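What the coordinates show
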Amino acid sequence: MPEPADKAALRRNYMALREAAAPEDRARWSAAVCGHLRAFMASRGLRSVAAFCPFGAEVDLRALWEGDPGAAWCFPRVARRTPPTLEWGPLPLEPGTWGLMEPARTPWTAPPAELILVPGLAFAADGHRLGYGKGFYDGVLRDLRPGIVTLGVGFALQRCRELPTWEGDVPVQGLVDEGGITWIPAPGPRENS
């Protein structure tokens with residue numbers, strides 16, 4: 001079945017697909033995602049991570065930071081809607097914009113992290129993602145200093161061949177779902193896990 005060409009229809013379709021998955025399946029898949037991320041962090045010695053608290057039927061990463069309280073975790077908070085701007089802070093989290101769980105304090109304008117975990121509704125094979133349409137993460141990804149690893153985080157059912165892109169859309173370097181981590185092909189050798 002061909003996918004709709006416009007992003008609004010794609011958002012509705014992928015949100016419905018994700019929400020139609022049984023809660024016990026999403027919980028099992030989330031646990032697998034956390035396991036893959038834990039192994040990847042250990043293999044690279046990564047100790048500072050920008051994560052997100054699940055919104056709706058998103059992947060639940062809480063076991064990742066609850067199981068590794070010694071790592072330096074930071075989380076996004078909506079600072080401004082126009083232009084879309086995130087600020088970053090540590091635990092604890094509290095209800096914030098749109099009901100998202102956000103850090104109580106945000107001392108950082110950029111995530112102080114070696115690894116950034118990026119949510120989305122759909123993820124294409126080329127690393128482009130379909131978010132909720134506000135552009136918050138595109139700004140973060142565009143302004144990152146070199147050397148930071150970016151992974152789109154979702155379930156396998158959120159993967160697709162391609163997505164329509166617009167100026168300002170920034171791809172991630174890899175995708176992680178319950179099946180593992182897939183690195184986006186790029187010039188030169190790439191590591192797979």
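Residues numbered from 1 in each chain as written. Predicted model: local features only at pLDDT ≥ 70, side-chain atom pairs only at ≥ 80, totals over all residues. Heavy atoms only, no water.

1. Describing the pairing of strand β2 (residues 72–80)
Sheet topology places strand β1 (residues 48–50) next to β2; 3 bridges connect them, and they run parallel. Bridge pairing in β2 links Ser48 to Ala72. Relative to strand β3 (residues 85–89), β2 is paired through 5 bridges, and the arrangement is antiparallel. Counterpart to Arg77 in the pairing with β3 is Glu87. Counting the residues between successive antiparallel strands, the hairpin from β2 to β3 contains 4 residues. (Pairing = 2+ DSSP bridges. Helix = DSSP H or I, 4+ residues; strand = E, 2+ residues; numbered from the N terminus.)

2. Considering a nonpolar patch on the surface
On the surface, a nonpolar cluster with roughly 270 Å² of combined accessible area is contributed by Phe55, Trp98 and Tyr132. With respect to the helices and strands, the residue Phe55 is situated in the loop between β1 and α3 (62–66). Residue Phe55 is classed as partly exposed on the basis of its relative accessible area, which comes to 30%. (Patch = residues over 30% accessible without salt bridge, like charges linked within 9 Å, V, L, I, M, F, W, Y side chains within 5 Å. Areas by Shrake-Rupley, 256 points an atom, 1.4 Å probe, with all protein chains shown as cover. Salt bridge = Lys/Arg side-chain N within 4 Å of Asp/Glu carboxyl O. Buried < 20%, exposed > 50% of the residue type's maximum accessible area, 1.4 Å probe, protein only.)

3. Here's the deal with the environment of Ser43
Mapped onto the elements, Ser43 comes out in helix α2 (residues 23–44). Sequence spacing of Ser43 and Ala8 is 35 residues, and the spatial spacing of their C-alpha atoms is 38 Å. A distance of 2.8 Å separates a polar side-chain atom of Ser43 from the backbone oxygen of Phe40. (Polar contact = N/O pair within 3.5 Å; in protein donor to acceptor, adjacent residues only side chain to side chain.)

4. Concerning the nonpolar core
What tends to happen in soluble globular proteins is that the nonpolar side chains get buried as a cluster. In this structure, Leu61, Trp73, Leu115, Leu117 and Leu151 are the most contacted members of the largest nonpolar core, which totals 47 residues. Among the elements that take part in this core, α2 stands out by supplying 6 residues, more than any other. The contacts of Leu151, once residues within four sequence positions are left out, are Leu37, Phe40, Leu115, Ile116, Leu117, Val118, Val172, Gly174, Leu175, Ile181 and Trp183. Counting 8 residues, the second-largest nonpolar core is a separate cluster that includes Leu10, Ala122, Cys160 and Leu163. (Core = buried A, V, L, I, M, F, W, Y, C linked by side-chain atoms within 4.5 Å. Contact = heavy atoms within 4.5 Å.)

5. Considering the sheet that holds strand β10 (residues 159–160)
Strand order in the open sheet made by the 3 strands is β8-β7-β10, with mixed pairing throughout. Strands with a single pairing partner mark the edges of an open sheet, and in this sheet they are β8 (129–130) and β10. Bridge count between strand β7 (residues 122–124) and β10: 2 bridges; the pairing is parallel. From the neighbouring strand, Ala124 faces β10, where its bridge partner is Cys160.

6. Quick notes on the pattern of salt bridges
Per the stated rule, a full pass over the model turns up 7 salt bridges. Close ionic contact of Asp169 with Lys7 constitutes a salt bridge, the shortest N to O distance being 2.8 Å. Here Lys7 lies in helix α1 (residues 7–20) and Asp169 lies in the loop between β10 and β11 (174–177), a separation of 162 residues in the sequence. A single burial state applies to Asp169 and to Lys7, both of which are buried.

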